[in-house]
There are 2 protein chains.
Amino acid sequence: MLEQIPTKADLIAAHQRILPYVHQTPVFTSSWFDAEAGKNCFFKSEHLQKTGAFKARGAMNAVLVNAEEGKLKGFLTHSSGNHGAALAWAAAQIGAKAYIVMPDNAPKTKIAAVQQYGGIITFCEATLVARETTAAQVQEATGAVFIHPYDNYDIIAGQATATMELLDVRPDLELLFIPVGGGGLLSGAALANHYFGKAKVIGCEPLNASDAYQSFQAGVRIPVQNPDTIADGLRTSLGERNFNIIQQYVHEIITATEDEMKAAWKFTVSRLKQLVEPSAAAGLAVALKHGDQRCGILLCGGNMDLDPFA
Amino acid sequence: MLEQIPTKADLIAAHQRILPYVHQTPVFTSSWFDAEAGKNCFFKSEHLQKTGAFKARGAMNAVLVNAEEGKLKGFLTHSSGNHGAALAWAAAQIGAKAYIVMPDNAPKTKIAAVQQYGGIITFCEATLVARETTAAQVQEATGAVFIHPYDNYDIIAGQATATMELLDVRPDLELLFIPVGGGGLLSGAALANHYFGKAKVIGCEPLNASDAYQSFQAGVRIPVQNPDTIADGLRTSLGERNFNIIQQYVHEIITATEDEMKAAWKFTVSRLKQLVEPSAAAGLAVALKHGDQRCGILLCGGNMDLDPFA
């Protein structure tokens, strides 16, 4: 279990550790997208990752690092989103139990995903206090290993492997566009670029949930209050370990409006024919309005409600 | 220009002819899809084809076969859908003009696609008579080579190449699920399977546009009247050449309800994270309710209106 900022060797070890379980997702390009966007874009396809999001990487790494204790007592987290499903999936890979605390208003599709991977759900009220209290109760009852969704160095090292793979394919990238919510993906990407790349790392955040932008400017963490954005994966506030890394290794944080994200989502999905979730649109929207260089864009996941269409 | 049912050699020649221009699209699999569907499915990804649909294959073949005359006088078709865009794209590949007659109520996205590829649009009223009259007028004025969307042997040979490639990757397929509208794709697939495969070929049609099913049962073509289905690419009635081939080489035609297609679309898009158009859902819906074997499913295209989401 990592107790400090992951080193280059830690990232390589995490990648080797999870490779038997996760996909090395493809890197897409689109001449049609590039022609209209006026730049060369390389899309890292974590919507095609196990569980439909990059979260499988960090969860798998944390589960393997804590496998001995976890097999005995299980794993635990609180999550309304992709991390809960990813932890349930990762625990199942080594035959361990996963206890997932979820708010009782969580979307049905998210609940179904956790159940599908065999996660044991405890519902609670939809407040952070209720989540943490309930998680503490489950931990006391089970002794399960708690895996924070992002404020955890093993999670960060796991998420970093997506950017490692992208840089392995395209070491010449000049800009990296990475969505930021709790900061697990962004802090991992920034470390991966620090050790393996030479790009400018740009955190991409909804204007309506811009705590990372504000914190980055102020130099102290400023949590977001009840953010209203379509990017449901980016409503979380930055974690402490994540902010520390982001301050050192991220070059800039740029926000996108809801309209910019909707337009970028539509533009991208219609051209790539890939289903990416609204959170991915933050990176796309910023990439579309910024620069004319070789851009790496992390498509963080593909889990979204399709009911409006069907 | 082919004047009779394409032979095995004709299909091979068509494939060689178009290969420098079109994508050999990937064949997807999904263990999650298979586990829930209870069969092994191989998805031929024509939504990733040039112009976002298999139509690029037939159009490119017809354009190359008629290149000499077409370069002088241009190409012509009437289409409210993917064939118009595909012909405009294909003509542009050899520097030829494309005249596309479109109904004045055609979706904006379809109009934009034709314009994007440099097609010269003539609008007409939204009736078959108006389309044919207008096309005849444009042909008289320009002398352009008319390329029918499906009732044309060079088109059929071109569309057959999608199934040829699928069978080249998976020669052991037992069932092939192919959407049917005008019958260009289905007649081509049936020929490809006749020459290169050993599968049972199943035409998949919306119940609300089931002229192929009815014609197949009756042994004579029975055109459909004003079909009401989400599968906008399958509203057309079978062509004469297409029906002739389908009668000989297709094993069965099975219909799907609108609800079955909507559920199949949602099931597939959420699991594969691939954007396929509603017409592809006909094949998916029939495949999901039929058999437990090695299934080839032709994802015919990925062009659809994303406005409900953005």
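Please read all numbers here as calculations on a predicted model, not as lab measurements.

A. Representation of the overall build of chain A within the structure. Within chain A, the regular secondary structure consists of 13 helices and 10 strands. Over its C-alpha atoms, taken along the principal directions, chain A stretches across nearly 55 × 45 × 40 Å. Per-residue burial for chain A yields a buried fraction of 59% across its 310 residues.

B. Inspection of the interface of chain B and chain A at higher detail. Taken residue by residue, the interface counts 26 residues in chain B and 26 residues in chain A. A combined buried area of about 2,200 Å² lies between chain B and chain A, and 69% of that area is made up of carbon and sulfur atoms. A per-residue breakdown of the area chain B buries against chain A is headed by Lys-273, Leu-306 and Phe-309 of chain B, which together make up 33% of the total. Between chain B and chain A we count two salt bridges in total. In this structure, the salt-bridge partner of Lys-266 of chain B is Asp-307 of chain A, at a minimum N-O distance of 2.3 Å.

C. Representation of the packing of aromatic side chains in the model. As enumerated under the stated definition, the model contains six aromatic pairs over all chains in all. Taken together, a centroid distance of 4.9 Å and an interplanar angle of 85 degrees make the contact between Phe-33 of chain A and Phe-43 of chain A edge-to-face. Here the residue Phe-33 of chain A occupies a position in helix α2 (residues 31-37), and Phe-43 of chain A occupies one in strand β2 (residues 40-45), the gap between them amounting to 10 residues. Residue classification places Phe-43 of chain A among the buried positions, given a relative accessible area of 0%. Taken together, Phe-33, Phe-43 and Phe-267 of chain A form an aromatic cluster joined through their ring pairs. Here the guanidinium or amino end of Arg-271 of chain A rests over the ring plane of Trp-32 of chain A, the centre of that ring lying 4.7 Å away. Between the NZ or CZ atom of Arg-241 of chain B and the centre of the ring of Tyr-153 of chain B, over which it lies, the distance is 5.6 Å.

D. A look at the sheet that holds strand β3 (residues 75-78) of chain B. All names here are of chain B. The four strands lie next to each other as β5-β4-β3-β6, forming an open sheet whose pairing is parallel. If you trace the sheet from one side to the other, it starts and ends with β5 (120-124) and β6 (145-146), each paired once. Strand direction decides the pairing type here: β3 and β6, joined by two bridges, are parallel. Note that in β6 the partner of Phe-75 across the bridge is Val-145.

E. The nonpolar core, seen in detail. If you look at the biggest cluster of nonpolar residues, it comprises 115 residues, and the most contacted ones within it are Phe-43, Phe-177, Trp-265 and Ile-297 of chain A together with Phe-43, Phe-177 and Ile-297 of chain B. Not counting residues within four places of it along the chain, the set of residues in contact with Phe-43 of chain B comprises Pro-26, Val-27, Phe-28, Thr-29, Phe-33, Leu-272, Leu-284, Ile-297 and Leu-299 of chain B. Of all hydrophobic cores here, the second largest spans 31 residues; its members include Ala-62, Ala-91, Ile-94 and Met-102 of chain B.

F. Structural view of the environment of Asp-292 of chain B. Residues and elements named next belong to chain B. One can find Asp-292 in the loop between α13 (280-288) and β10 (294-299). Relative accessible area serves as the criterion here: at 59%, Asp-292 is assigned to the exposed category. Sequence spacing of Asp-292 and His-148 is 144 residues, and the spatial spacing of their C-alpha atoms is 37 Å. With residues up to four places along the chain from it excluded, the contact list for Asp-292 reads Gly-38 and Lys-39.

G. View of the domain arrangement of chain A. Residue and element names in this part refer to chain A. Along its sequence, chain A is carved into domain 1 (8-54 + 153-309) and domain 2 (67-146). The straight-line distance from the C-alpha centre of domain 1 to that of domain 2 is 25 Å. Opposite the nine residues of domain 1 that make contact, domain 2 presents nine residues. The junction of domain 1 with domain 2 conceals about 670 Å² of combined surface from both sides, 64% of it contributed by carbon and sulfur atoms.

Rules of the game
Residues numbered from 1 in each chain as written. Chains lettered and ligands numbered in written order. Predicted model: local features only at pLDDT ≥ 70, side-chain atom pairs only at ≥ 80, totals over all residues. Heavy atoms only, no water. Helix = DSSP H or I, 4+ residues; strand = E, 2+ residues; numbered from the N terminus. Buried < 20%, exposed > 50% of the residue type's maximum accessible area, 1.4 Å probe, protein only. Contact = heavy atoms within 4.5 Å. Buried area = accessible area lost by both parts, 1.4 Å probe. Salt bridge = Lys/Arg side-chain N within 4 Å of Asp/Glu carboxyl O. Phe/Tyr/Trp six-rings, centres within 6.5 Å; stacked < 30°, edge-to-face > 60°. Lys NZ or Arg CZ within 6 Å of the ring centre and 35° of its normal. Pairing = 2+ DSSP bridges. Core = buried A, V, L, I, M, F, W, Y, C linked by side-chain atoms within 4.5 Å. Domains from an automatic or database assignment.

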